[in-house]
Amino acid sequence: MQRSTSRRVNGLPESCGALVSLRRIGFLSALLTAATLTACSAEPVEADDPKPSATGTTTLPGAPGGAPDEGGLALADAIRKIPVAEEKRTGYERDSFKHWVDEDDDGCPTRQEVLLAEAVTAPKQGARCTLSGGSWTSYYDEVEVTDTKKLDIDHMVPLAEAWDSCAHDWTPERREAYANDLDAERSLVAVTAKTNRSKADKDPAAWMPPAESATCTYLVDWTATKLRWDLSADEAEQTALLELAEPCADSTVEYEPAT
């Protein structure tokens, strides 16, 4: 996989298997468990290269087999496509997601690839892909950064949240692909270390970017990542997403299912 070099500039701007919402009221606990496991067992679908929206709303081209039609889904409709299921944290370890690999053997691991792709001012590239100079804009807090040591590469949907939301059923290879997803504009993003560590493994019910300008972009990116990787949402998360999305009537979501 190769990273698209067309990414957010100056801060501008993808559910678990069968898309079935698990309604817990009136169901026996055994039925809920079986439905949850079914929701986490989808076969991945081939994806094409993503394209960013010229309007600043993060989008990917539509695809057959359940992806949105041309023009994308309204944000609220896309949120409702994420299947609702209880989360499962048992057994999570960060090392279950091998990350910052050098998939194309060009000397630059995933972290460096994202920094190179998202730079507002291109840095100089030295031996072993060390970067110097350059500048970046962290869209979470609208902060300009010129020192790469002050930047983290954020997994849009954190690794722990992905585990909770069906990645516990994935193969190690799929978890590695998720942790190093360079084929989608929303999966990984360079942001200030301060905001990334404040976010930690929280979902939008517990954390949102501090910059008001980031709200709709972040909700689009979060929703598209969940759809792209067939991840579920719990009820509190879905409720929060829908409430937060109310001011984002013009935001649309398109996604490609991950391979």
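Here, every reference points to the structure presented above.
The structure contained in this document is the topic of the report that follows. (Residues numbered from 1 in each chain as written. Predicted model: local features only at pLDDT ≥ 70, side-chain atom pairs only at ≥ 80, totals over all residues. Heavy atoms only, no water.)

Applying the stated criterion to the full structure yields eight salt bridges. If you follow the salt bridges from partner to partner, you end up with R89, D164 and D201 in one network. (Salt bridge = Lys/Arg side-chain N within 4 Å of Asp/Glu carboxyl O.)

Moving on, we get to the environment of T148. Structurally, the position occupied by T148 is in the loop between β5 (143–145) and β6 (151–155). T148 sits 14 residues away from G134 along the chain, and the two C-alpha atoms are 8.7 Å apart. (Helix = DSSP H or I, 4+ residues; strand = E, 2+ residues; numbered from the N terminus.)

A few words on the pairing of strand β7 (residues 188–192). Along any regular strand the residues' side chains alternate between the sheet's two faces. Across the five residues of β7, five count as buried, placing the element largely inside the fold. Judged from the five bridges that link them, β6 and β7 form a sheet pairing that is antiparallel. Of the residues in β7, the one forming a bridge with L151 is T192. (Buried < 20%, exposed > 50% of the residue type's maximum accessible area, 1.4 Å probe, protein only. Pairing = 2+ DSSP bridges.)

Moving on: the state of the cysteines. One pass over the full model with this rule turns up two disulfides. Through a disulfide, C108 is tied to C129; the S-S separation comes to 2.0 Å. An S-S torsion of about 90 degrees defines the bridge between C108 and C129 as right-handed. Remark: C129 occurs in the loop between β2 (124–125) and β3 (131–132) and C108 occurs in the loop between α2 (75–81) and α3 (110–118); sequence separation between them is 21 residues. Two residues share a disulfide in this structure: C216 and C248, whose sulfurs sit 2.0 Å from each other. Around the S-S axis, the bridge from C216 to C248 shows a dihedral of about -85 degrees and counts as left-handed. Pair noted here: C216 is in helix α7 (residues 215–228) and C248 is in the loop between α8 (235–244) and β8 (252–253), with a separation of 32 residues, a long-range link. (Disulfide = S-S within 2.5 Å.)

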